[in-house]
Amino acid sequence: MAFEIVDGMTGQKHISSDDLAALNTAVVGMADCVLKYGDDFKLTMASANSATLGTGVGMVGGKRFWNQAATSLTIQSGTQGQKRNDLVVARYQKTSAGIESITPVVIKGTPTTGTPADPEVTANDLKLWRVPLDGINAGTPVRLTHILLPLSAAIDGFKQALYDSGWYTVYSDGNIDIRVRRFNQTVFLNGKVRAYKIDTTWKAITTLPWSFRPDIQTYFAGASTDGNNVVQMNIEPDGVLYAKTLGGEVKGVTFSACFPKNV
C-alpha cells in the first residue's frame, strides 16, 4: 500500500526498515549523519596501526545505528617515503536473505609520493574519519561527518530571545584544541595547534560540525607559535579547516575568527 500508517496496529506485520528509514530521514533532515550522542564516534590513534572508535549514534540511508562501547580498528602499516589516506566508514549491508547490518570498516588508500587521495567509498558508506599516513607514521584523524544537535537544542533556541550554543569543542587532544560558538547567525572560532607541521601547502586540520560551517569560503590569518611566518587559514563551506604558511614552515598556530552562518 502506498499510503499507510506506520505507528499503528493493522492486524498484520507491516513495518519495514525502509518505513523507519524514510521517517528518520524526514525527522532528522538528512539520511547520512552522526547524531549528538556519547563520544560522537571520536577516533583516537592508539598507535600507527591501531585506532579506537568511541561511542556514538548515526544514520546510513536513514537507518539508525549506534556504537555502545569503544571499538578497536586496525590500520595497515604505511609505506616508508610515501603518503596515504585511509577512511573509516560506517557501512550498511543487506544480504540476499534480507539481513541488514551496519559495521565500521577501514578503507585503505593508495600510497603515493605526491598528494594522497581518499579511497573510493560505496553509496552505503557513511564517511566518519580520514586517517592520514606519512611514511609509517599515522597523523591526526580528520572528522568527515555532520554532527547534528538534538531537537532539544533547537527547542531551547526557540525559547530564548537570543540563540547561544555555548562553546562546543570540535577537537581537543594534547596538540590540537579547537572550539566554536554560535550566537544567532554569527559563528566564533578559537583554536591552537601545536607540534603539527604546517608549510606552504594547504593542510587539513579538522572539520567543523554542520551548524558551525560558513556559508561561503572564508579566509583569515593565524599567528605562528614558533616564528614570524604568516599563517593563512581557510574554512571551506563543507567545514574543513585548512592552514598553510606564505613561506617556510611552522610547528604551530593560534587563530580566532568570526563569520556569518545563515542556516
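Definitions and limits used
Residues numbered from 1 in each chain as written. Predicted model: local features only at pLDDT ≥ 70, side-chain atom pairs only at ≥ 80, totals over all residues. Heavy atoms only, no water. Salt bridge = Lys/Arg side-chain N within 4 Å of Asp/Glu carboxyl O. Helix = DSSP H or I, 4+ residues; strand = E, 2+ residues; numbered from the N terminus. Buried < 20%, exposed > 50% of the residue type's maximum accessible area, 1.4 Å probe, protein only. Pairing = 2+ DSSP bridges. Contact = heavy atoms within 4.5 Å. Axes fitted to C-alpha atoms, helices over the stretch in contact; angles between N-to-C directions.

A. Region of the structure containing the pattern of salt bridges. Throughout the structure, instances matching the rule amount to 8 salt bridges. The closest approach of N and O atoms between K63 and D18, which form a salt bridge, is 3.2 Å. Placement of K63 in strand β5 (residues 63-67) and of D18 in helix α1 (residues 17-28) is noted, with a sequence separation of 45 residues between them. Ionic pairing is found between E100 and K63, a salt bridge with its closest N-O pair at 2.5 Å. Of this pair, E100 sits in strand β8 (residues 100-107) while K63 sits in strand β5; the two residues are 37 residues apart in sequence, bridging distant segments of the chain. Exposure remark for E100: the relative accessible area of 31% places this residue in the partly exposed category. The exposure class assigned to K63 is buried, which follows from its relative accessible area of 14%. By sharing partners, the salt bridges in this structure join D18, K63 and E100 into a single network.

B. Quick look at unusual backbone geometry. Unusually for a residue other than glycine, D40 sits at a positive phi of about 55 degrees. Following the sequence through the fold, D40 ends up in the loop between β1 (33-35) and β2 (43-47). Backbone geometry at F41 places phi at a positive 60 degrees, although glycine is not the residue there. Mapping F41 onto the fold places it in the loop between β1 and β2.

C. Region of the structure containing the sheet that holds β1. Taking strand neighbours across the sheet as the criterion, the 4 strands line up as β5-β4-β1-β12 in an open arrangement whose pairing is mixed. In the strand order of this sheet, the two ends are held by β5 and β12 (147-148), each with one partner. With 5 bridges joining them, strand β4 (residues 56-60) and β5 adopt antiparallel strand pairing. Bridge pairing in β5 places G56 opposite N67. Lying on the sheet, α1 is in contact with β1, β4, β5 and β12; it crosses β5 at an angle near 85 degrees.

By themselves, these figures tell us nothing about what the structure is for.
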